[in-house]
Amino acid sequence: MGFAIILVAAGTSSRMGFPKLWTDVSERPLLAHALDMARAADPTELVIVVAPDRLQDAQSLAPSASVVAGGARRRDSVAAGLDASRAEWLAIHDAARALAPAELFRRGLAAAQPTGAAIPAIPLKDTIKRVADSRVVATPPRAEHVSIQTPQVFRRDVLERALAVTDDDVTDEAALVEQLGIRVAIFEGDERAFKVTTPLDFALARTLLSEAG
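Residues numbered from 1 in each chain as written. Predicted model: local features only at pLDDT ≥ 70, side-chain atom pairs only at ≥ 80, totals over all residues. Heavy atoms only, no water.

## Some thoughts on the environment of threonine 171
Here comes step 1: Residue placement: threonine 171 occurs in the loop between helix H5 (156–165) and helix H6 (174–178).
Here comes step 2: Residue threonine 171 is classed as exposed on the basis of its relative accessible area of 74%.
Here comes step 3: Spatially, the C-alpha atoms of threonine 171 and proline 101 are 22 Å apart, while their sequence positions differ by 70 residues. (Helix = DSSP H or I, 4+ residues; strand = E, 2+ residues; numbered from the N terminus. Buried < 20%, exposed > 50% of the residue type's maximum accessible area, 1.4 Å probe, protein only.)

Set out below in structure tokens:
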């Protein structure tokens, strides 16, 4: 059973205003930490880095990985990573979730076996409001909602069908799989798999890496 990890590193980092994956965290680029965690999940499996540019720099961080150019949209970048592997099972992972522990990948692969699709979730901490025109429209029950992370794990044929069913872009691949009517399993996520998006996130990442030694 072949397994590959696709590290999606092709975002523009528009919210940060600088290339966050190349920003040093504990003296190494954030992308390097993401690669470390991916390799720790299973050193024998293929890691594919999908990057918008600096492909040679990415390759130097991970000589054993496959590095490919990303597309204009997230789904295009995922498709590029998919084309670079023949593995039966694939974990799609945001490189910005650089501290996601290795066991999260293994947990996802196990959870995906029955249906071919599984995604990590953690409970919401805040109250959720549905809004429109700067006004609250509704307050959905928090217990019925979760926060979704990556890695998201799919069997190859499921991901291929999902990418083919529509040309719409999405924020995660599970949304495409749902359109096929396939049950997407949920497995326990991890607080360490937060997405580094803000300066506060960088500070937290530095603290966690420092504590980990």
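There is more to say, and it comes next.
## What about the packing of aromatic side chains?
Here comes step 1: Taken as a whole and assessed by the stated rule, the structure comprises 0 aromatic pairs.
Here comes step 2: When the ring centre of tryptophan 22 is taken as reference, the NZ or CZ atom of arginine 54 above it lies at 4.1 Å. (Phe/Tyr/Trp six-rings, centres within 6.5 Å; stacked < 30°, edge-to-face > 60°. Lys NZ or Arg CZ within 6 Å of the ring centre and 35° of its normal.)

## Quick notes on the pattern of salt bridges
Here comes step 1: This model, assessed by the stated rule, comprises 13 salt bridges.
Here comes step 2: One salt bridge in this structure joins aspartate 36 and arginine 28, with 2.5 Å as the shortest N-O distance.
Here comes step 3: What makes aspartate 36 partly exposed here is its relative accessible area of 27%.
Here comes step 4: Exposure remark for arginine 28: the relative accessible area of 32% places this residue in the partly exposed category.
Here comes step 5: Where arginine 39 meets aspartate 36, a salt bridge forms, and the shortest distance between an N and an O atom there is 3.1 Å. Pair noted here: arginine 39 and aspartate 36 are both in helix H1 (residues 30–41), with a separation of 3 residues, about one helical turn.
Here comes step 6: Salt bridges sharing common partners tie together Arg74, Asp94, Arg97 and Glu173. (Salt bridge = Lys/Arg side-chain N within 4 Å of Asp/Glu carboxyl O.)

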